[in-house]
Amino acid sequence: MAKGRIFSGMRPTGKLHIGHMSVITNWVRLQEEYQCFFAPVDWHALTTGYEDTSMLQENTMDMLMDWLAVGLDPEKSTIFIQSHVKEHAELNLLLSMTTPLSWLERCPTYKEQLQQLGEGRDIRTYGFLGYPVLMAADILVYRADTVPVGEDQLPHLELSREIVRRFNYIYQQEVFPEPQPKLAKISMLPGVDKRKMSKSYNNDIAITLTAEDLWERVRNMVTDPQRIRKTDPGDPEVCVVHTYNKIYNIDEVPERVEQCKTAGIGCFQCKRALADKMIEVLEPIWERRAQLEQNPGYVHEVIAAGAQKARKEAGETLDIVREVMKLK
Ligand code: TRP
């Protein structure tokens, strides 16, 4: 049975937080069923961060090590860095010829980001406008049919499909399949203060941290603000610890809910139990991460071999593309 093909990428923002972990865990599962290509997309990082690139390399390596520590397996998936496979850039160029400007200008993420990032950073650039074309190139250069993404990426994927339809129509060939999004049922963990988890809010929990730092974060989790004394009954539905228990401590959820509602357990004790469960889950990942850090040569080998495999696949696609565009 021919396997479906997946490409997915992530902008290298450095060490991942446990909110990302469910995304990577989902990729880890998909490795079994699909032929997968995964890449930190460093060129995409430049679209908004071209001025200060001092952390780009380090962020890319940190992200890769987190991927490998969580369980992406270079024996199963092709793992590489986007900018190491120049074919993405060539296809980006060719697709930019056929993509109408109006499609890019009306892309909702483009309009939003121009407003949000607009102050301070100048992202009125050709590269930033072309973000979705580069993303289409990432996917199409492997003729991937399936793309695991979050909901926020759906407009980009719609654009990729429009780009495919137009390309196939203009050159009268079925060169590319229309890539379909694969939305996972991933529950987004909130930050410790209940807002969206983000490094910039300082409310995140890194995948790799010390047990003490983890405890520090869990201890700061926002619980039911109405529960002032230990003897007050609490409402788990408004408590961040409860949300985390549903992921990390599922077996104890009914008991904890009961204890919370009847003031049978204090928040401190409840948090300690959660931290212990999280440590249980994260410890093997911390160990693998530590091993990888001691062996950067291994990570470099992985991405070198990955880029080689990726280039071969991408090269085959570009041979076809050049042919239908009469470039050779
Ligand atoms: N735009 C994606 C994000 O911000 C990252 C990305 C770049 C991507 N190229 C991709 C995701 C191709 C899936 C497929 O999350």
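Residues numbered from 1 in each chain as written. Predicted model: local features only at pLDDT ≥ 70, side-chain atom pairs only at ≥ 80, totals over all residues. Heavy atoms only, no water.

Peer 1: Describe the domain arrangement of the chain, with residues and values.
Peer 2: Once the domains are mapped, the chain shows domain 1 (5–188 + 296–324) and domain 2 (209–289). When each unit is reduced to the centre of its C-alpha atoms, the spacing between domain 1 and domain 2 is 36 Å. Taken together, the contact pairs ten residues of domain 1 with nine residues of domain 2. Taken together, the two surfaces of domain 1 and domain 2 that pack against each other cover about 730 Å², and 60% of this comes from carbon and sulfur. Of all residues in domain 1, Ile18, Met21 and Ala69 bury the most surface against domain 2, accounting for 62% of the area lost on that side. (Domains from an automatic or database assignment. Contact = heavy atoms within 4.5 Å. Buried area = accessible area lost by both parts, 1.4 Å probe.)

Peer 1: Go over the pattern of salt bridges, please, and point to the residues and values.
Peer 2: With the rule as written, the count across this model stands at 21 salt bridges. One salt bridge in this structure joins Arg289 and Asp62, with 3.0 Å as the shortest N-O distance. One end of the pair, Arg289, is in helix α13 (residues 267–294); the other, Asp62, is in helix α3 (residues 56–70), and 227 residues separate them in sequence. By relative accessible area, which is 0% here, Arg289 ends up buried. (Salt bridge = Lys/Arg side-chain N within 4 Å of Asp/Glu carboxyl O. Helix = DSSP H or I, 4+ residues; strand = E, 2+ residues; numbered from the N terminus. Buried < 20%, exposed > 50% of the residue type's maximum accessible area, 1.4 Å probe, protein only.)

Peer 1: An account of the side chain of Gln153 is requested, with residue identities and associated values reported.
Peer 2: Along the polypeptide, Gln153 turns up in the loop between β4 (146–148) and α9 (154–170). On the basis of relative accessible area, Gln153 is assigned to the buried category, the value being 13%. A polar atom in the side chain of Gln153 sits 3.1 Å from the side chain of Asp152. (Polar contact = N/O pair within 3.5 Å; in protein donor to acceptor, adjacent residues only side chain to side chain.)

Peer 1: So what about the side chain of Asn249? Which residues, and what values?
Peer 2: Along the chain, the position of Asn249 falls in the loop between α11 (240–248) and α12 (253–261). For Asn249, a relative accessible area of 2% translates into the label buried. Residues in contact with Asn249, not counting those within four places in the same chain, are Tyr244, Ala273, Leu274 and Lys277.

Peer 1: Lay out the packing of aromatic side chains with the relevant residues and their values.
Peer 2: Scanning the model with the defined rule gives ten aromatic pairs in all. When the centroid spacing of 4.4 Å and the interplanar angle of 10 degrees are considered together, the rings of Trp27 and Phe38 count as stacked. Taken as a pair, Trp27 in helix α1 (residues 18–33) and Phe38 in strand β2 (residues 34–40) lie far apart in primary sequence, eleven residues in all. Accessibility expressed as a relative area gives 2% for Trp27, which makes it buried. Aromatic side chains Trp215 and Phe268 sit 5.4 Å apart centroid to centroid with 90 degrees between the ring planes, which places their arrangement in the edge-to-face category. (Phe/Tyr/Trp six-rings, centres within 6.5 Å; stacked < 30°, edge-to-face > 60°.)

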